[in-house]
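If you want the building blocks of each chain, they are given just below.
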Amino acid sequence: MTALTLSTAGAATLRADALVVGVAKGPKGLVVAQGAEAVDKAYDGKLAAVLDALGASGAEGEITKLAAPAGLKVPVVLAVGLGSAPEDDESFDEEVLRRAAGAAARALHGRKKAAFALPLDDASAVTAVAEGALLGAYAFTAYQGGEKKSGNGDKNAGPKQPLAEVALLGAKPRDKEHKAAAERASVVATEVNVARDLVNTPPNDLTPEAFAAVASATAKENGVKVQILDEKALVKGGYGGIMGVGKGSENPPRLVKLSYTHPKAEKTLAFVGKGITYDSGGISLKPAGHNETMKCDMAGAAAVFASVVAVAKLGLRVNVTGWLALAENMPSGSATRPGDVLRMYSGKTVEVLNTDAEGRLVLGDALTKASEDNPDAIVDVATLTGAMVLALGDRTFGVMANDDAFRTSLHEIAEEVGEASWPMPLPEELRKTMDSPTADMANMGVRMGGGLVAGLFLREFVGEGITWAHLDIAGPAFHEGAPYGYTPKGGTGSAVRTLVRLAERTATGDLG
Ligand code: BES
Ligand code: MN
Ligand code: ZN
């Protein structure tokens, strides 16, 4: 993990492998953003002109690398575009800064130390730049470089490693607010990256059992209590949803409970994550073209796990329980068939019409179980439906809830931390499309509005009177396109920042 330091050293005296500056579109052409005055001076005040001559436009995320002049102690200056310069008394948008820092950090993979001289008007800008840089520096290299290890490849073979150190210039290590902002950013970014690692880990290695073991070890290191139900305990406990999904696999399911408690907490949150370590579709097998990225189907559980650990590291004054509903959805002689009826943990029976609608089955059990503790609110996170991706695209998650104010809060919180989301309804008339002639309900309803149908299914398993929201992260959890800003290819760590902010707001009683 990339180390973060705050530095009061001048840009002209700091040694690093690269110096990052911001460049924006001003009313009269390119302008060098605040924070890089000393760098501009080293170019005789002509940095904007040099960048202009090199073709820079100041567009968001645009990267221009240039040789550093003699006055600086770095070999390379990297200018990152910040878009339109704000009015005189305004600051750059936090998400613009986060993305710019991320794009710069990505462009510096393979180097050791980078100093960031971006505009830091206040503590929230420190958080944004620090998060962006640490998230952009992420790379998943665990499975690369095999040739190098066997000694057959050339010496330089192997993946480019992320930046080892990010120094923020202009952030003051002795300023309490700046220090807290940087520490928070470091915890949050570390945990987002943990969630990304879990999502990226191939499903032959990240089985439900392996996921439970990782979660257990890390949680304990951070003072979080862990309880794991294995397949025997799940059968005995009547978890028909989780067992029904997991029983077709050689890798048996797990239900993990993580409990973080604070002695002075007044509220308790429960986070519930869909953790399908691989979704083949089961007997309703997915066709080729739809299963290549299905290792990502545990992204909800990864987000829940990472968030609970982040909350523990930050020592927030709130109790948070994390539930990881872990199973592998595989077709086999022991797999659930379309037509089977499962008895859920709640006692409700479900006719499985499509074994590929498995997320709702594992979540149903976990939601009922989480409700037994009577938390103040439950939020589940799941790569639940392709329909949500069709509706909102691959960067925005859907927010559904049984409480309008809570849904609005989650949407606002996501916005605040730079995660795109959109409130979605739970139309009552869709509920009856899951009526079953055989069981209490079916695991599928109409195709149109499939994401909302899935939300309505989950709602059935939330305890009476408990505030609940559902985040369908099927779109943003796994990024298949080219990297942008601080978002890499593959696992993104979607929803971690939102969950952590929700916990922070709940801790301070500031839920709007
Ligand atoms: N894991 C998938 C949803 C998904 C799709 C996640 C694309 C990420 C990207 C889920 O288990 C699923 O297969 N859902 C079905 C439900 C349907 C059978 C009712 C779907 O959306 O097609
Ligand atoms: Mn599925
Ligand atoms: Zn799935």
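Residues numbered from 1 in each chain as written. Chains lettered and ligands numbered in written order. Predicted model: local features only at pLDDT ≥ 70, side-chain atom pairs only at ≥ 80, totals over all residues. Heavy atoms only, no water.

## Thoughts on the overall build of the protein chain
Here is step 1 of the chain: Across its full length, the protein chain carries 15 helices and 20 strands.
Here is step 2 of the chain: Reported as C-alpha extents along the three principal axes, the dimensions of the protein chain are approximately 80 × 60 × 45 Å.
Here is step 3 of the chain: Taken over 512 residues, the protein chain has a buried fraction of 56%.
Here is step 4 of the chain: Intrachain contacts of the protein chain at a sequence separation of at least 6 include 76% that bridge at least 24 residues.
Here is step 5 of the chain: Summed over all atoms, the accessible surface of the protein chain reaches about 20,900 Å², with 49% contributed by carbon and sulfur.
Here is step 6 of the chain: The averaged location of the 62 negative side-chain charges in the protein chain is 5 Å from the averaged location of its 52 positive side-chain charges. (Helix = DSSP H or I, 4+ residues; strand = E, 2+ residues; numbered from the N terminus. Buried < 20%, exposed > 50% of the residue type's maximum accessible area, 1.4 Å probe, protein only. Contact = heavy atoms within 4.5 Å. Areas by Shrake-Rupley, 256 points an atom, 1.4 Å probe, with all protein chains shown as cover. Lys, Arg positive; Asp, Glu negative; His and termini not counted. Charge placed at Lys NZ, Arg CZ, Asp CG, Glu CD.)

## Considerations on the UniProt feature "domain: Cytosol aminopeptidase" (unreviewed entry) in the protein chain
Here is step 1 of the chain: In the numbering used here, UniProt assigns the "domain: Cytosol aminopeptidase" (unreviewed entry) feature to residues 354-361.
Here is step 2 of the chain: The span residues 354-361 is 38% helix and 0% strand, and its two end C-alpha atoms sit 11 Å from each other. (UniProt positions renumbered as here; feature names shortened; annotations may be inferred.)

## A few points about the UniProt feature "binding site: Mn(2+) 1" (unreviewed entry) in the protein chain
Here is step 1 of the chain: Those residues carrying the UniProt feature "binding site: Mn(2+) 1" (unreviewed entry) are Asp279, Asp356 and Glu358 in this numbering. Across 80 residues, the annotated set stays spatially compact, with a maximum C-alpha separation of 8.4 Å.
Here is step 2 of the chain: You can call Asp279 buried: its relative accessible area is 3%.
Here is step 3 of the chain: Apart from the residues lying within four places of it in its own chain, the contact partners of Asp279 are Lys286, Met294, Asp297, Asn329, Asp356 and Glu358.
Here is step 4 of the chain: Residue placement: Asp356 occurs in the loop between strand E13 (349-351) and helix H11 (359-371).

## With respect to the sheet that holds E13
Here is step 1 of the chain: Spatially, the three strands line up as an open sheet ordered E12-E13-E17, and their pairing is mixed. Taken across any chain shown, the strands that pair with only one partner, and hence form the sheet edges, are strand E12 (341-343) and strand E17 (441-442).
Here is step 2 of the chain: Bridge count between E13 and E17: two bridges; the pairing is parallel. Paired with Glu351 across the two strands is Ala442, which belongs to E17. (Pairing = 2+ DSSP bridges.)

## With respect to the coordination of the manganese ion (ligand 2)
Here is step 1 of the chain: In the first shell of the manganese ion (ligand 2), the protein supplies Asp279 (OD), Asp356 (O), Asp356 (OD) and Glu358 (OE), at 2.0 to 2.2 Å from the metal.
Here is step 2 of the chain: Geometry at the manganese ion (ligand 2) is irregular, judged from the six donor atoms that bind it and their angles of 69 to 168° at the metal.
Here is step 3 of the chain: The motif formed by the donor residues of the manganese ion (ligand 2), counted along the single chain, is D-x76-D-x1-E.
Here is step 4 of the chain: Taken as a pair, the manganese ion (ligand 2) and the zinc ion (ligand 3) lie 3.1 Å from each other and share Asp279 as a ligand. Here Asp279, found in strand E10 (residues 268-279), pairs with Glu358, found in the loop between E13 and H11; they are 79 residues apart in sequence, far enough to count as distant.
Here is step 5 of the chain: The buried category is assigned to Glu358, whose relative accessible area is 1%. (Donors = N, O, S within 2.8 Å, 3.2 Å for Na, K, Ca; no water. Tetrahedral: all angles 85-135°; square planar, octahedral: opposite > 155°, others 65-115°.)

## Considerations on the site of ligand 1
Here is step 1 of the chain: Around ligand 1, the surrounding shell holds 16 residues, and the nearest of these are Lys286, Asp297, Asp356, Glu358 and Gly386.
Here is step 2 of the chain: Lys286 places a side-chain nitrogen or oxygen 2.8 Å from an oxygen atom of ligand 1.
Here is step 3 of the chain: In the complex, the protein chains occlude 78% of the 520 Å² of accessible area that ligand 1 would expose alone. (Near = heavy atom within 4 Å. Polar contact = N/O pair within 3.5 Å; in protein donor to acceptor, adjacent residues only side chain to side chain.)

## Notes on the coordination of the zinc ion (ligand 3)
Here is step 1 of the chain: With distances of 2.0 to 2.4 Å, the protein atoms coordinating the zinc ion (ligand 3) are Lys274 (NZ), Asp279 (OD), Asp297 (OD) and Glu358 (OE).
Here is step 2 of the chain: Going along the chain, you hit the donors of the zinc ion (ligand 3) in the pattern K-x4-D-x17-D-x60-E.

## Some thoughts on the domain arrangement of the protein chain
Here is step 1 of the chain: According to the domain assignment, the protein chain consists of domain 1 (3-142 + 164-169) and domain 2 (191-508).
Here is step 2 of the chain: When domain 1 packs against domain 2, close to 1,200 Å² is buried across both sides, 59% of that on carbon and sulfur atoms.
Here is step 3 of the chain: In terms of surface lost to domain 2, no three residues of domain 1 exceed Leu135, Tyr138 and Phe140, which account for 51% of the buried area on that side.
Here is step 4 of the chain: Our enumeration of links across domain 1 and domain 2 arrives at zero salt bridges.
Here is step 5 of the chain: The interface formed by domain 1 and domain 2 contains eight residue pairs in polar contact (both at pLDDT 80 or more).
Here is step 6 of the chain: Residue assignment for the side of domain 1 that touches domain 2 shows that the elements contributing at least two residues are helix H3 (94-107) and helix H4 (123-136).
Here is step 7 of the chain: In terms of residues, the side of domain 1 that touches domain 2 owes the most to one element, H3, which gives seven residues.
Here is step 8 of the chain: Within the side of domain 1 that touches domain 2, the residues separate by chemical class into five nonpolar, three polar and six charged. (Domains from an automatic or database assignment. Buried area = accessible area lost by both parts, 1.4 Å probe. Salt bridge = Lys/Arg side-chain N within 4 Å of Asp/Glu carboxyl O. Nonpolar A, V, L, I, M, F, W, Y, C, P; charged D, E, K, R; others polar.)

## Notes on the pairing of strand E18 (residues 467-472)
Here is step 1 of the chain: Counting buried positions over the six residues of E18 gives five, a clear majority of the element.
Here is step 2 of the chain: Relative to E18, strand E14 (residues 377-382) is paired through six bridges, and the arrangement is parallel. By the bridge assignment, Ala377 is partnered in E18 with Thr467.
Here is step 3 of the chain: As judged from the four bridges shared by strand E15 (residues 397-401) and E18, these two strands associate in the antiparallel manner. By the bridge assignment, Met400 is partnered in E18 with His470.

## What about the environment of Arg184?
Here is step 1 of the chain: With respect to the helices, strands and loops of the structure, Arg184 is situated in helix H6 (residues 176-200).
Here is step 2 of the chain: Measuring from C-alpha to C-alpha, the distance between Arg184 and Leu314 comes to 7.1 Å, with 130 residues separating the pair along the chain.
Here is step 3 of the chain: Those residues in contact with Arg184 that sit more than four places away from it in its chain are Thr127, Glu131, Leu314, Val500, Arg501 and Glu504.

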